[in-house]
Amino acid sequence: MTTPAAQPPRDRALGRGITTLIPQAAQATPAEQAAAVLTAMRSVPVRVGVLQAAVVLLEERVRATEDEAERAAAATTVAMLRSAIGQTG
């Protein structure tokens, strides 16, 4: 009986391609970084339950924060997530 050979380890870290798309400069805000991640991951399959959980958490941020920029970013992200959820079924 023969056993399959073990796969060699990958020579690069997983996710490295996405991290190169995320602004790393000190002046990049968390909202800008999140927007870059969302743009990079537009075509990545994600379970609907994960999107629904993110919507609930972000809607709470929209209600709780006093920062207008954060509120706008969270609301925009909620709209994008709801759109993605709507496209699944």
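Residues numbered from 1 in each chain as written. Predicted model: local features only at pLDDT ≥ 70, side-chain atom pairs only at ≥ 80, totals over all residues. Heavy atoms only, no water.

A.B. asks: Got a sec to walk through a nonpolar patch on the surface? Specific residues and values, please.
C.D. replies: Together, Met41, Val44, Val46 and Val50 make up an exposed nonpolar region whose accessible area comes to about 280 Å². By the element assignment, Val46 lies in the loop between α2 (30-40) and α3 (48-64). On the basis of relative accessible area, Val46 is assigned to the partly exposed category, the value being 41%. (Patch = residues over 30% accessible without salt bridge, like charges linked within 9 Å, V, L, I, M, F, W, Y side chains within 5 Å. Areas by Shrake-Rupley, 256 points an atom, 1.4 Å probe, with all protein chains shown as cover. Salt bridge = Lys/Arg side-chain N within 4 Å of Asp/Glu carboxyl O. Helix = DSSP H or I, 4+ residues; strand = E, 2+ residues; numbered from the N terminus. Buried < 20%, exposed > 50% of the residue type's maximum accessible area, 1.4 Å probe, protein only.)

A.B. asks: Before we move on, can you summarise the environment of Ala73 with the specific residues and values?
C.D. replies: Residue placement: Ala73 occurs in helix α4 (residues 68-87). Judged by relative accessible area, which is 26%, Ala73 ranks as partly exposed. Spatially, the C-alpha atoms of Ala73 and Val62 are 8.7 Å apart, while their sequence positions differ by 11 residues.

A.B. asks: Before we move on, can you summarise the pattern of salt bridges with the specific residues and values?
C.D. replies: The tally for this structure, following the rule as stated, stands at 4 salt bridges. The partner of Glu60 in a salt bridge is Arg63, and the shortest N-O contact between them spans 3.3 Å. Placement of both Glu60 and Arg63 in helix α3 is noted, with a separation of 3 residues, approximately one turn of the helix. When the shortest N-O distance is used, the salt bridge between Glu68 and Arg71 registers 2.5 Å. With a gap of 3 residues between them, Glu68 and Arg71 both fall in helix α4, about one helical turn apart.

A.B. asks: An account of the environment of Ala34 is needed here, citing residue identities and associated values.
C.D. replies: You can see Ala34 is positioned in helix α2. Look at Ala34 and you get partly exposed, because its relative accessible area is 36%. Separated by 39 residues in the primary sequence, Ala34 and Ala73 place their C-alpha atoms 8.9 Å from one another.

A.B. asks: Tell me what's going on with α4, and back it up with residues and numbers.
C.D. replies: For α4, spanning 20 residues, the distance from its first C-alpha to its last is 29 Å, which sits close to the expected 28 Å at 1.5 Å a residue. Taken together, the buried positions of α4 are Ala74, Thr77, Val78 and Leu81. Seen from one end, α4 has its buried residues packed into an arc of 110°, which puts them on one side. Pointing more than 90 degrees away from the buried face of α4 are the exposed residues Glu68, Ala69, Gly86 and Gln87. As for α4, its buried residues are in contact with α2 and α3. Sitting at the head of α4, Asp67 places a side-chain oxygen 2.8 Å from the backbone nitrogen of Ala69. (Expected span 1.5 Å × (residues − 1). Arc of directions from axis to C-beta. Contact = heavy atoms within 4.5 Å. Polar contact = N/O pair within 3.5 Å; in protein donor to acceptor, adjacent residues only side chain to side chain.)

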